[in-house]
Amino acid sequence: MTKRIAIIGPESTGKSELCQHLARIYETEWVPEYARFYLDRLDRPYDKEDLLAIAQGQMAWEDDKAEEAGEYLFCDTNLIVMKVWSDHKYGDTDPWILEELANRKYDFYILGNIDLIWRPDPQREHPKLRKHFFDIYENYLKEHDLPYGIASGIEDMRVKSARDLLEDFFSR
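Reference entry: report on the structure contained in this document. All residue numbers refer to positions counted from 1 along the written sequence of the respective chain. The predicted nature of this model means local features are confined to residues of pLDDT at least 70 and side-chain atom pairs, given and counted, to a pLDDT of 80 or more, with totals for whole chains, interfaces and linings taken over all residues. Side-chain metrics rest on all non-hydrogen atoms present in the structure, leaving aside hydrogens and water.

Some points on the packing of aromatic side chains
Ring geometry is summarised as follows: Phe, Tyr and Trp rings, the Trp one being its six-membered ring, pair when their centres sit within 6.5 Å, and such pairs are stacked at plane angles under 30 degrees, edge-to-face over 60 and tilted between the two. Counting across every chain of the model gives 13 aromatic pairs. Note on Phe-37 and Trp-61: the rings are 5.2 Å apart at their centroids and 55° apart in plane angle, and the pair reads as tilted. Taken together, the residues Phe-37 in helix α2 (residues 34-40) and Trp-61 in helix α3 (residues 48-66) connect sequence positions 24 residues apart. Using a 1.4 Å probe on the protein chains alone, a residue whose accessible area is under 20% of its type maximum counts as buried, one over 50% counts as exposed, and one in between counts as partly exposed. Look at Phe-37 and you get partly exposed, because its relative accessible area is 33%. Look at Tyr-46 and Trp-85: their rings are 5.3 Å apart centre to centre, the planes differ by 70°, and that puts the pair in the edge-to-face class. Of this pair, Tyr-46 sits in the loop between α2 and α3 while Trp-85 sits in helix α4 (residues 79-90), and the two are 39 residues apart along the sequence. Starting at the N terminus, helices and strands are each numbered in turn, a helix being any DSSP run of H or I of at least four residues and a strand any DSSP run of E of at least two.

Following this line, the structure appears as structure tokens:
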């Protein structure tokens, strides 16, 4: 059975790069961030309804990749990120996202630490709120008693940190 690993965290915490590295190391699949794909093709500012489309697209990509994955499936973001994003921007979250979030299970979460420098990107919105969002993600994981670890360090050190988290958790 494939173990689903969600890699979450604030903007510019190396989630995409970490997913790619881990998928290469473990010779398996990873799920890119659908929001980036979706927003790159949007010819207007996004709105609340777009978040539902992004969430549904992310889950469809995840389900497709799960069919091809080996021991692990590394997911660059998940519905926790969609909930936090929606709550912050619009004050609430679409019921479909909440229901899917309650029903979809992951074996482990890697929370990206904010120890990387901010990299500007047209899709990134909150360079000064990374600690705020990091705390929201960590509190969510704790409140829902979800298994997680924090990946820290730059480049190879961050990948090693994530590998150590995975090996420690799955060797129990």
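That shown, we press on.
Digging into the nonpolar core
Counting 32 residues, the largest nonpolar core has Ile-8, Ile-54, Ile-80, Met-82, Trp-85 and Tyr-137 as its most contacted members. Contributions of two or more residues to this core are made by β1 (3-8), α2, α3, β3 (72-76), α4, α5 (95-103), β4 (108-112) and α6 (130-143). The biggest single contributor to this core is α4, with six residues. In this view, Met-82 contacts Leu-51, Ile-54, Ala-55 and Ile-97; residues no more than four positions away in its chain are not counted. Ranked by size, the runner-up nonpolar core spans 16 residues in total, among them Ile-5, Leu-22, Tyr-72 and Leu-166. Each nonpolar core is a collection of buried residues, namely Ala, Val, Leu, Ile, Met, Phe, Trp, Tyr and Cys, held together in the definition by side-chain atoms within 4.5 Å. Whether two residues are in contact is decided by their heavy atoms: any pair within 4.5 Å suffices.

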